[in-house]
Amino acid sequence: MTRERFSFRRLRSPGCMIVAAATAMLLLAGCQNLQAEFPAVQFPLPAATEAPTEAPTAAPTEATEPAPTEPEPTSPPAGNPDDITCKGSYTGTVVGLAEAKDQIVATAGEEELSNALLQIYYQMAVNSYKEAGHEFGPDFTQPLDAQIRDLDGNAITWQQYFLQQALDTWHSHAAMTVRSRSEVLPLEEAYGRNEKKHAENLKTRIYNLDLLYGYNADYRIDVNHQAYLDSLESRITELAEAKGCKTPAALANDLAGIGTNDTYLLKYAQLLNEGYMFMTSLSYYIEPTEAEVEAFFSEHEAAYAEQGITKEGGLVNLRHILLVPEGATRDENGNLTAGSKAWNNCEDDAKALLKKWAGNRTEANFAELAFANSADTGSSVNGGLYTNLAKGQLTPELDEWCFDPDREAGDTAVIRTAEGCHVVYMCTPASVWYEQAEKDLIAEQLMKQISATAAKYPMEVDYSVITLGWPGSEELVLTADDLLYPDIAHERFPVAPLYFQQDYPDTMYGNYSLVTYGCGVTTMSMLVSYMTDDEWTPPELCGLYGSYCSEKGTAHAMFTEVPTDRGFYCVDRVFNWDDAKKALEEGYMVVTLQREGFWTRGGHYLLLHNLLETEDGTKIQVRDSNLYNYKRLEGHTTGYFDLDTIPSNSRSYWIYQKKVTHLDSCVRCAQLTEDSHVPTGMFAEDYLCPKCAVAVNRRDAYLDGCTYRIAPEEIVIPEETVPGDHISDETLPEDYDHFGS
């Protein structure tokens, strides 16, 4: 099944973001933050003069047609050597550009900006302005160093304006990249790593050390991000072909003229992405409270009102189960055709599902039924969930039911539409004002992080050595969007993280110590974090699910009930290794309970993560919560275990659905296949999934924040630290294993 993909260039949410509006004001005000630092200079345009005439000669000669000439561009005089007005015109000659290619024009931390790299940043600034479609702008067909940008009494040339934008953007990228090399991310208070135990048991560097909570407190680029960075050369080659350029070097020349090449375009792409990837990690720790969101909305209430956003508006969060009449057919327009008997049977089946749900009237139970029964592949993997739906976005029948003034959370119904029969469940509603204010507040906080980072690593510029070339091809349009990590169906955890029970010595699991009884809940923490892309540490799950623990260890019910509660599903429980192995081969995650033997002296839960093909045959990767196993089991060093270490002592296996990284219903991340069935007629407007909505907000905040600075206000940047290697050479202790399950 295929459909036309949505062109996603800087998608904005309904109503202009408050932060974006503030950014636009900065744009039209001529970068007021810069004007505070650099005195405004007025540049009078030279007065027109009458051309002198030549005296006639005694003997007139045959008249000749004078060669047509174009007026020389008029640039203002040089200004302050310490700011952007240093040169009236930065345009250089071919020779000058060649000589200035490797000239360092700016520094920030240990990063340096060469004149050749500056050409890329400058043209990207010009292109971004063009693409934004501003009503006010220069004539791009004429020299920018001869056109004055005079707003609010602050006059600089358009060339100077775009040059300052280029410098500020590079400064933001460079500063964020420099900061990323020493950033220490926050750890929860309950975390209490015992350095001696770690030194004794992690004698060698275990294969998944970078995935271990606590060791990854130092910021690291994750595997998905690194893969994209590694592919940048190929990406530039693909872009060159797509833009009609023979080579990447030709792409760079067509973009920014002769003063640069593809080496610098690659450097631009690397800084752009490394800064964004680091900001992505920072974004995980920005979680505004309800009070903070309300205060932000109140502060900007008038501006929101102008956009039609008030506290009166509501959004719908809906779960549904779609049933399609048996034997129904669809025409090329998606219209469904079925006989009356088939429709009646379909409605009966829908009512039967609703009756089945009534035996356990919870949202989690409804979600499980949707996962197992819904024909809508756009939502079934998420338990039938659609979030933040606005009035008018759904088909009329569903819209009328959802936005009934008397509708309450927990209401259900069977509704027939042209798509089939929907069993619907009303979730807790959301508020338009709250969703928008929360998104805008997060964007503002991200932009403040960029500004604060730039302040920590200030930029020093030698304006006198800057030389700019002429713009590249007018036909070529290339912006940061073309090279920025797409962030589609974002994964915070591309692989499952690793938690050790022993790192939480004071945490209780129910009435028992997590250290001795917590391998089950710790294993679940790894699985939940991976599947949801939210960090769920063992103490957090202990606080929620301590009732699953008894003197016998973790109740088996945890492994089916907790996943449903967290939005993913156990698809089977088996007792045969061949069935579990087949599931692993197909990409499913598996939890196993081990009896006394290879892994434990008592009972022990393990997360089976992946099968690997090695020179010695098929091996298995295991997430093991017991720190002490890492000294005695060689597989934790090599990165894999022999398959026969698992079934010999296994009691059972829980198999979980494949991780949801793309939703068929989302206009941005859908990856439709022949088996996809999305009820497109269910929506009057395109649907954007929650992960993509977050990603779009983050991208916009990054692209805007790197160019237009806002006051950082109370953003504290940690002091630089050297990422530590926590493994010591101390003597290993005697063998030890934990007990309990």
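In what follows, the structure referred to is the one given above.
Report follows, based on the coordinates. Here the structure is a predicted model, which means the values were calculated and not measured.

With that settled, consider helix α19 (residues 538–545). Looking at α19, one finds that the buried residues are Pro-538, Pro-539, Leu-541, Cys-542 and Tyr-545. The buried residues of α19 occupy an angular sector of 165 degrees when the element is viewed end-on, so they sit on one face. The elements touched by buried residues of α19 are β13 (508–509), α17 (514–517), α18 (519–532) and α20 (558–566).

This paragraph deals with the packing of aromatic side chains. The description of two aromatic rings rests on the distance between their centres and on the angle between their planes. Per the stated rule, a full pass over the model turns up 36 aromatic pairs. Between Phe-136 and Trp-158, the aromatic rings sit 5.6 Å apart at their centres with planes inclined by 40 degrees, giving tilted as the arrangement. Placement of Phe-136 in the loop between α4 (115–132) and β3 (148–151) and of Trp-158 in helix α5 (residues 158–180) is noted, with a sequence separation of 22 residues between them. A relative accessible area of 33% means that Phe-136 is categorised as partly exposed. A relative accessible area of 2% means that Trp-158 is categorised as buried. Look at Phe-598 and Trp-599: their rings are 5.2 Å apart centre to centre, the planes differ by 80 degrees, and that puts the pair in the edge-to-face class. Classification of Trp-599 by relative accessible area gives buried; the value is 0%. One aromatic cluster is present, built from ring pairs that chain together Tyr-129, Phe-136, Phe-140, Trp-158, Tyr-161 and Phe-162. Sitting over the face of the ring of Phe-140, Lys-130 holds its NZ or CZ atom 5.0 Å from the ring centroid. Its guanidinium or amino end placed over the ring of Trp-433, Lys-311 lies 4.6 Å from that ring's centre, counting from NZ or CZ.

Attention now moves to unusual backbone geometry. Note on backbone geometry: most residues besides glycine have negative phi, and most peptide bonds are trans. Residue Asn-388 is not a glycine yet carries a positive backbone phi of 55 degrees. With respect to the helices, strands and loops of the structure, Asn-388 is situated in strand β8 (residues 385–389). Relative accessible area serves as the criterion here: at 33%, Asn-388 is assigned to the partly exposed category. Phi angles above zero are rare outside glycine, and Asp-533 is one such case at about 60 degrees. Here Asp-533 lies in the loop between α18 and α19. Look at Asp-533 and you get buried, because its relative accessible area is 7%.

Quick look at the pairing of strand β4 (residues 154–157) now. Look at any regular strand and the pattern is simple: side chains alternate between the two faces of the sheet. A two-sided burial pattern is seen for β4, the buried positions comprising Asn-154 and Ile-156 on one face and Ala-155 and Thr-157 on the other. Across four bridges, the pairing between β3 and β4 is antiparallel. Of the residues in β4, the one forming a bridge with Leu-151 is Asn-154.

This part takes up the side chain of His-422. Inspection of the secondary structure assignment puts His-422 in strand β10 (residues 420–426). Within the local environment of His-422, its side chain forms a polar contact with the side chain of His-320, the two groups lying 3.0 Å apart. In this structure His-422 touches His-320, Ile-321, Leu-322, Leu-398, Ala-413, Val-414, Ile-415, Thr-417 and Met-682, once residues within four positions along its chain are discounted.

Moving on, we get to the sheet that holds strand β1 (residues 104–108). One open sheet accounts for three strands, arranged β2-β1-β12; its pairing is antiparallel. On the outer flanks of this sheet lie β2 (111–114) and β12 (459–461), each paired with one strand and no other. For this sheet, the mean angle separating the axes of adjacent strands, direction not counted, is 20 degrees. Strand direction decides the pairing type here: β1 and β2, joined by four bridges, are antiparallel. Note that in β2 the partner of Ala-108 across the bridge is Glu-111.

Within the secondary structure, Cys-86 sits in the loop between α2 (32–37) and α3 (94–100). Sequence separation of Cys-86 and Val-465 is 379 residues, and the distance between their C-alpha atoms is 10.0 Å. Apart from residues lying up to four places away in sequence, Cys-86 is in contact with Ala-78, Gly-79, Asn-80, Pro-81, Tyr-463 and Ser-464.

The next thing to look at is the sheet that holds strand β19 (residues 604–614). Read from one edge of the open sheet, six strands run β17-β22-β18-β19-β20-β21, paired in antiparallel fashion. Every interior strand has two partners, whereas the edge strands, β17 (570–574) and β21 (641–642), have only one. Where β19 meets strand β20 (residues 617–623), seven bridges bridge the pair, whose relative direction is antiparallel. Within β20, the residue paired with Leu-612 across the bridge is Lys-619.

Parameters at a glance
- Residues numbered from 1 in each chain as written.
- Predicted model: local features only at pLDDT ≥ 70, side-chain atom pairs only at ≥ 80, totals over all residues.
- Heavy atoms only, no water.
- Buried < 20%, exposed > 50% of the residue type's maximum accessible area, 1.4 Å probe, protein only.
- Helix = DSSP H or I, 4+ residues; strand = E, 2+ residues; numbered from the N terminus.
- Arc of directions from axis to C-beta.
- Contact = heavy atoms within 4.5 Å.
- Phe/Tyr/Trp six-rings, centres within 6.5 Å; stacked < 30°, edge-to-face > 60°.
- Lys NZ or Arg CZ within 6 Å of the ring centre and 35° of its normal.
- Pairing = 2+ DSSP bridges.
- Polar contact = N/O pair within 3.5 Å; in protein donor to acceptor, adjacent residues only side chain to side chain.
- Axes fitted to C-alpha atoms, helices over the stretch in contact; angles between N-to-C directions.

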